[in-house]
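Each chain is listed here by its residues.
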Amino acid sequence: MQNDIEEILLSLGEELDKALNHQRGEYLVIRAGRANPHVLDKVYIDYYGVPTPINQMASITVPEARILCISVWDQTQLKNVSKAIAAADIGIAPNDDGKVIRLIFPALTEERRREIVKTIKKIAEDTKIAVRGARRDAMEMVKDLQKEGAISEDEQATGEKEVQKLIDKAVAQIDELSDAKEKEIMEI
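Predicted, not measured: the structure shown is a model, and the values here were computed from it. (Residues numbered from 1 in each chain as written. Predicted model: local features only at pLDDT ≥ 70, side-chain atom pairs only at ≥ 80, totals over all residues. Heavy atoms only, no water.)

### What to know about the pattern of salt bridges
Quick note on the threshold: Any Lys or Arg side-chain nitrogen located within 4 Å of an Asp or Glu carboxyl oxygen qualifies as a salt bridge. Every helix listed is a DSSP run of H or I at least four residues long, and every strand listed is a run of E at least two residues long, numbered separately from the N terminus. Only protein chains enter the calculation, and the probe is 1.4 Å; a residue is then buried if its accessible area is under 20% of its type maximum, exposed if over 50%, and partly exposed in between.
The full count for this structure, using the stated rule, is 10 salt bridges. Between D96 and K79 there is a salt bridge, with its nearest N and O atoms 3.3 Å apart. You can see D96 sitting in strand β5 (residues 94–96) and its partner K79 sitting in helix α2 (residues 78–87), a full 17 residues away along the chain. Between E184 and K181 there is a salt bridge whose closest N-O contact spans 3.4 Å. Of this pair, E184 and K181 both sit in helix α4 (residues 153–186), 3 residues apart, roughly one helical turn. Here E184 falls in the partly exposed class, since its relative accessible area comes to 27%. Note on K181: relative accessible area 8%, which makes it buried.

As structure tokens, then:
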């Protein structure tokens, strides 16, 4: 019967990993006043009828701390890439010199930093909500096993403690990620 609880814990662990990976992905896109190629992750260009990410049709380099340089391999698509970046509303206007596109990241104002921190906290809270949902589902599965007679009350209590240990560990990681990103944003 211990296998049933182990399966529940394994499934819960996978759900928690998904939630944490999603949080990390969201934080990669948030810009901190430094050039970060990940701000372009959600920008797609209509390349001969196929939505294509920028990193599959151009090389993206960081020549200076606050400049991204995008070298499009197919020069006929330079204007399309520039338009797609402008339309993506990432807060940076592309500078197109006919050969490469440069994105110059402005220094963040104190007000903008605070707005970004609010976004960071909202992402962390959304992740915690997902974790609480996964916890509720896991606890219900453990209780159902006990109701079906598959495990004893002691095994149920042990299973619930194990679930809570995983949840506590995940919440600590969520807070750690959030604090690290907040510190990065508030650095001048």
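### Regarding the environment of G25
Tracing the backbone through its elements, the reader meets G25 in helix α1 (residues 2–29). Between the alpha carbons of G25 and A124 there is a distance of 12 Å; along the sequence they are 99 residues apart.

### Focus: the sheet that holds β5
Working definition: the strands of a sheet are paired by backbone hydrogen bonds and lie parallel or antiparallel to each other. Using the following cut-off: We treat two strands as partners when DSSP finds at least two bridges between them. In this analysis an axis means a line fitted to C-alpha atoms, helices contributing only their contacting stretch, and an angle means the value between N-to-C directions, from 0 to 180 degrees. Should any heavy atoms of two residues lie within 4.5 Å, those residues are considered in contact.
With respect to topology, 4 strands assemble into an open sheet ordered β3-β4-β6-β5, the strand pairing being antiparallel. Looking at which strands have only one partner, the edges of the open sheet turn out to be β3 (58–64) and β5. Averaged over neighbouring strand pairs, the angle between their axes works out to 25 degrees when direction is ignored. Strand direction decides the pairing type here: strand β4 (residues 67–72) and strand β6 (residues 101–104), joined by 4 bridges, are antiparallel. What sits directly across from I67, in β6, is I104. Sheet strands in contact with α2 are β4, β5 and β6, and its direction is about 165 degrees off that of β5.

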